[in-house]
Every structure is written in structure tokens, then in C-alpha cells.
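A structural walkthrough
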Amino acid sequence: MELRQIYEYTVSGNAPKVKELTEQALAEGVAPGEIISKYLIPAMAEVGDRFERNEFYVPELLIAARAMQGALAILKPLLTDTDLKPAGKVVIGTVKGDLHDIGKNLVSMMLQGAGFEIVDLGVDVPPEKFVDAVKQSKADVVALSALLTTTMPSMKTTIDALQAAGLRERVKVVIGGAPVTQRYADEIGADGYAPDANSAVRRTRQLLGLA
Amino acid sequence: MTRYSGRENYRRAITFSSPAYLPVRLGVHFPWLIEKDERKERRIRELAGAFPDDFFEADPAMNLRPPERVGDSHRWTDEWGVDWAEEGRGMKPCSHPLASGYEALGSYRFPDPYAPGRFAQIDRVLENRGERYILGWVWFTLFERLWMLRGFENMLTDPWLYPDEFAALRDRVVEFNLALIDQWLDRGADGIFFSDDWGSQRGLLISPEDWRRYYKPCYARMFERVRQRGAHVWMHLCGNIIGILPDLIEIGLNVLNPIQPQAMDLERLSREFGGRLCFYGGVDVQGTMVRGTPAEVRAEVHRLVELFGRFDGGYIGGTSHTIMPETPLDNIIALYEAFAEYLP
């Protein structure tokens, strides 16, 4: 079989094909980690680039992510510790008072597509919950989303809570959402800001010294 | 100066045939605003009262369960079976009756467009319509209705993953809307107001090609029904929708709302589309209204009238969306004062 097809069908979002080819590749003895790192992750990077260039829209991104997730569901249980290490662990959520989830979900999918392990806390997440999740998961990164000017201050209270719990030095904080800017990130002491899902991945990789 | 009835004045603004005065639609929901000042609020009410009573609009939507207070919020269920909540900062759907899949259609009951009582309250108002322009709402027209039924992310991908089921559900919603349009036009509505938010701040939610393939023919059918009977097509589309604006004009759009200056370049809109459709809204609730000075608000009003109103009509005064909670009352006063300069 042509393994490159896994890449192509992921980009075009053909979930049944990706699943079938992944199973076939495993049967032929290809290592699960290799399928992820050589085909799935590059495919999602390509999807993100096309999204950033306005060639792909949200539906294409969702459909590609769905194809990737189908393959990951098969591959992840088969991974051994030495096989493929996650790029890092990210705790992600929309901050307290804010119920918007689509932007957060897209960032979460793209990070997953880039090989990160994701702990998604959902929406309207109070600072304590971020603190607990960082403690439990030993995350490397906290990603905060806010879509309203009135809920942006919850990003600062979350960063303050991480500080108060003595965790601030252990994690990088990235923020994003329609009203959020680099200036606001600087103001509240976040490590990074990203205007869209693809640059969120790039920024996160930079912060962890992976790019 | 010739004095026209509201109906005639709106018609002239929409068809570029010299309205007697600038039509203006403004609204403010005081309980929402953070700033409280009785004197300033009184001033705004006073200014609002000076605008002519030349317009009536209404939404004939019905509920399965009327709004009731639950703690700090209001909750209700609309006629499509979608649960809603309003917690003081705008309403939002919080359940999607077909989210589990199209199998759920088996036990799903579609609402009846001809349900008794749907237009009862509206008919009472229409008895005294006078010479007002009547705008009939067919709100959450298609895409929004569909995602409220299926869930947002599901609906974005349904046309590819479940093409037949998607098309059947979409066409059911269109049939419902056509029945509402007919009932409005039978009552002498001058225009129909549709709504679907196809734009984000940066661009369209789906590609223009996919929009043309999956949705445009549906809008064409609904718009045609309106235009056939001599009424105007109004549509509320949030965000940057420049990519499909030529299509909307081609199938009969007359009035575009709400025009977000942070999402679309106003100069470009005026240059490329001015005189081809009427623009309604535009004063920036995401920027100028919230962070600008009263002088900047006034300047923006003047600029909008200049950009869009210079085609023997072509502009209806208004904001780029609902006035936001953080807006200073002084800016709202400036908004009303600036538009009042164009009163008859």
C-alpha cells in the first residue's frame, strides 16, 4: 500500500478511508508512532496552513480533524512509551463567564493534530479548575480563550491563580479570542498570543522550544 | 421639501429614488448597559421620541414553552424544540433536538407555519398600521435554524457527511419559511427581514463555492417569492460576507444589515456595491461606540451617510449590531443627536 495516501485522505477529510488504510498499515507491520508522526501530523499541518491561507474553511478543518481522530483512536492504545512521545501537554478552556467554544475547539483540534496531548476543560472554566488540572496533568501549557471584552479579565484572574498556586513558573500560558491582542497578553503577563488556530500551534511549539 | 409617508420614504431610500429624509432605526436596551444615569437615559428617550413613527417590524415566531424565570436567568423552548437561556447578556440556544443524528427525525415534530394565533398580536397592531413601512421577520432563516436543530459543528459538516439527510431537512425549513413569507405578504408587508450569520470577523464560515452549492438556491427561492409580490428583501448577515455579496445582490437582496466596519472595509463596500443595494447600520458597536469619544461617534455617523447615502438614497441609519453593555451613555446620546441632524 501507499502510506502517503493516509496523508492525502486526512487532508481531504475522508475518515472511512483513513481508518481503513491505518488498519491496513498496522497489519503490514508499520509502527503506530510512524503513522502518526509521518502522515497524520504533517497532514494536519497542511490543513492548518490551508486554513491560514483561506483555502480551507472551518468545515474542511472539522472534517480533516475527524479523519485524524478516527485514526488516533486506533493508534493511541497501541503506542508504547518509547514509540512516540507527545509534543507536550496542554490544558485548554474558555475562561469563566464565557460560553463560546468553537474557537477553543479548533485550537484544541489543531494542537492535537500537531501531536499534543489535550486536557479540554470546556467553557466557563473557573481559575481553580485550571489550577487543579495543571496540578493533576502536569501540563506544560495552559491555553485560555475568551470571546468577550467583558470576560477577558478572567484570563488575568486565571494567570493570577496559577501564580498564587506556585504553578506559574512551570507552565507557559497562551491566550486567544476575538477581542484579545498581543498587547493584552503582555499586559496580563501571558507568554503568548495567537490570532487563529494554526498560529496557536506555532506559538505553542515556539514557547516549548520545539520550533 | 416633499413629505412622504414612512412607507414611501423607506421605499425611496431602498430604491434610490430620493427619500425626503434619512430613515433611521436605532434601539437601546437600558437594563443591559453597565453605566446607569437617569438624566442621560431620559435624554436618550427624549431624542428617540423625536424620530418619526414610520416603521413597524415583528417576529411571528412561537414558543412551545414561554419564558420563565429560573434563578438569575430566563428559560424557554421555541417551536422547533430548541431550549433557550437568557442570563442577562443576550439569549442563546442551549439544546439541539437533532444533535444525536438524523434518526431523531423519526419522532421529531416540525412546527406548523399556519399555527392558529401566530399572527394574532401582529394583526392587532396592523389594524392601525397607518402609513408605516411594515417589515416582516423570517428570522434565523436557514443556516441558523439548521444549526440550532443539529448543533453548530454538526451543521458545518453535514452537507458533506450526510448530504441527502441535510438536503431534506434544509428544504423542510425553506418550505416553512415560504409559508411565513406568504402570510406576511398577504398582510401587506412592505419587506421581509431574513437573518443568517454567514460571516466571522475575518471571512465566511464556509467557502463561497460551497455556499453557492448548498445554500444559494434556497435563498434564491425565498427572495424570489418576496420580490414577485413587489416587496423588498432585507437580510441581517453578521461579519465579513463580501465573498457572497454579489450573489445575494444577484438573487434579489435589497437591504443589507448590520455592516460591521471592523469586519468589512466600508470604503470598498461603498465603491463596489453602493447604489446596488441599500446599507442599513454601520456605526461600530465593537469600537467607536465602546471606546470612542462622542465626537468620534458623530463623525462616524456623518461618514456613513456620506459613503452610502449619496446614491439618491441607499442608506438606513443604524448601528453595526446591538449596542453593547460597556457603551458609555454619552456615546449613545451623540449617536442619536448625529442621526437627528437628518430628520425632516
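Everything numeric in this text was worked out from a predicted model, so none of it was measured. (Residues numbered from 1 in each chain as written. Chains lettered and ligands numbered in written order. Predicted model: local features only at pLDDT ≥ 70, side-chain atom pairs only at ≥ 80, totals over all residues.)

Examining the overall build of chain B
Rule in force here: The helix count covers DSSP runs of H or I at least four residues long, the strand count covers runs of E at least two residues long, and both are numbered beginning at the N terminus. Taken over C-alpha atoms, the radius of gyration is set against a globule rule of 2.2 Å times the number of residues to the power 0.38. Residue burial is a threshold on neighbouring C-beta atoms within 10 Å of the residue's own C-beta, all placed from the backbone, with 20 or more meaning buried, 12 or fewer meaning exposed, and counts in between meaning partly exposed.
Regarding its fold elements, chain B presents 13 helices and 11 strands. In summary, chain B has a C-alpha radius of gyration of 20 Å against a globular reference of 20 Å for 344 residues, a match within 12%. Burial statistics for chain B: of 344 residues in total, 36% are counted as buried.

Details of the interface of chain B and chain A
Spelled out, the test is: A pair of residues counts as a contact when their C-beta atoms, built from backbone coordinates, are separated by no more than 7 Å.
Taken together, the contacts link 14 residues of chain B with 11 residues of chain A. Among the elements that take part in the side of chain B that touches chain A, helix H5 (residues 152-161) of chain B stands out by supplying 5 residues, more than any other.

Description of helix H2 (residues 38-49) of chain B
The cut-off we apply is this: Between the first and last residue of a helix there are one fewer steps than residues, each counted as 1.5 Å, and that sum is the expected span.
In this model H2 of chain B runs 16 Å from its N-terminal to its C-terminal C-alpha over 12 residues, within 8% of the 16 Å that 1.5 Å per residue would give. Here H2 of chain B lies mainly on the outside; 0 of its 12 residues are buried.

A short note on the confidence of the model for chain B
As a reminder, the rule being used: The predictor rates its confidence in each residue with pLDDT, a number between 0 and 100.
Looking at chain B, the pLDDT average stands at 96 and 99% of residues meet or exceed 70. Predicted as a complex, the structure gets a pTM of 0.91 and an ipTM equal to 0.84.

Topic: the pairing of strand S11 (residues 315-319) of chain B
Residue and element names in this part refer to chain B. As a reminder, the rule being used: Strands are labelled as partners when DSSP assigns at least two bridges between them.
For S11, the buried fraction is high: 5 of the 5 residues fall into the buried class. Both faces of S11 are covered, namely the face carrying Tyr315, Gly317 and Thr319 and the face carrying Ile316 and Gly318. As paired elements, strand S10 (residues 278-283) and S11 share 5 bridges and run parallel to each other. Considered in S11, the bridge of valine 283 is made with threonine 319.

Observations concerning the sheet that holds S10 of chain B
Residues and elements named next belong to chain B. Test applied: Note on definitions: angles span 0 to 180 degrees between N-to-C directions of axes, and those axes are lines fitted to C-alpha atoms, for helices only across the stretch in contact.
The strand order across the open sheet formed by 7 strands is S1-S6-S7-S8-S9-S10-S11, and the pairing between neighbours is parallel. Two strands close off the open sheet at either side, each with one partner strand: strand S1 (55-58) and S11. On average, each strand axis in the sheet is inclined to that of its neighbour by 20 degrees, with strand direction left out of account. Judged from the 5 bridges that link them, strand S7 (residues 191-195) and strand S8 (residues 232-236) form a sheet pairing that is parallel. Within S8, the position partnered with glycine 191 by the bridge is histidine 232. Along the sheet, helix H1 (residues 6-14) makes contact with S1, strand S6 (133-138), S8, strand S9 (255-257), S10 and S11, crossing S6 at roughly 65 degrees.

Side note on the nonpolar core
Formally: Here, a nonpolar core means buried Ala, Val, Leu, Ile, Met, Phe, Trp, Tyr and Cys residues linked by C-beta atoms lying within 7 Å of one another. Each domain span listed reflects an automatic or database assignment of domains.
By size, the foremost hydrophobic cluster in this structure holds 146 residues, and its most contacted members are Met110 and Val142 of chain A together with Ile192 of chain B. Residue contributions to this core reach at least three from each of two domains, namely domain 1 (4-78) and domain 2 (89-207) of chain A. Look past the residues within four positions of valine 142 of chain A in its chain and what remains in contact with it is Val91, Phe130, Val134, Leu162, Val171 and Val173 of chain A.

Remarks on H1 of chain B
Given 3.6 residues per turn, any residue in an α-helix points the same way as the ones three and four places further on. Within the sequence span of H1 of chain B, burial applies to Gly6, Asn9, Tyr10, Arg11, Ala13 and Ile14 of chain B. Buried residues belonging to H1 of chain B abut S1, S6, S8, S9, S10 and S11 of chain B.

Side note on the environment of aspartate 330 of chain B
With respect to the secondary-structure elements, aspartate 330 of chain B resides in helix H13 (residues 329-340). Sequence separation between aspartate 330 of chain B and tyrosine 280 of chain B is 50 residues; the distance between their C-alpha atoms is 23 Å.

Things to note about the sheet that holds strand S5 (residues 91-93) of chain B
Within a sheet, neighbouring strands are paired by backbone hydrogen bonds and run either parallel or antiparallel to one another. All names here are of chain B. The strand order across the open sheet built from 4 strands is S2-S3-S4-S5, with neighbouring strands paired in antiparallel fashion. The open sheet has two edge strands, strand S2 (63-70) and S5, and neither has a second partner. When the angles between neighbouring strand axes are averaged without regard to direction, this sheet yields 20 degrees. Sheet topology note: the S2/strand S3 (residues 73-78) ladder contains 5 bridges and is antiparallel. Residue pairing in the sheet places arginine 65 in a bridge with threonine 77 of S3.

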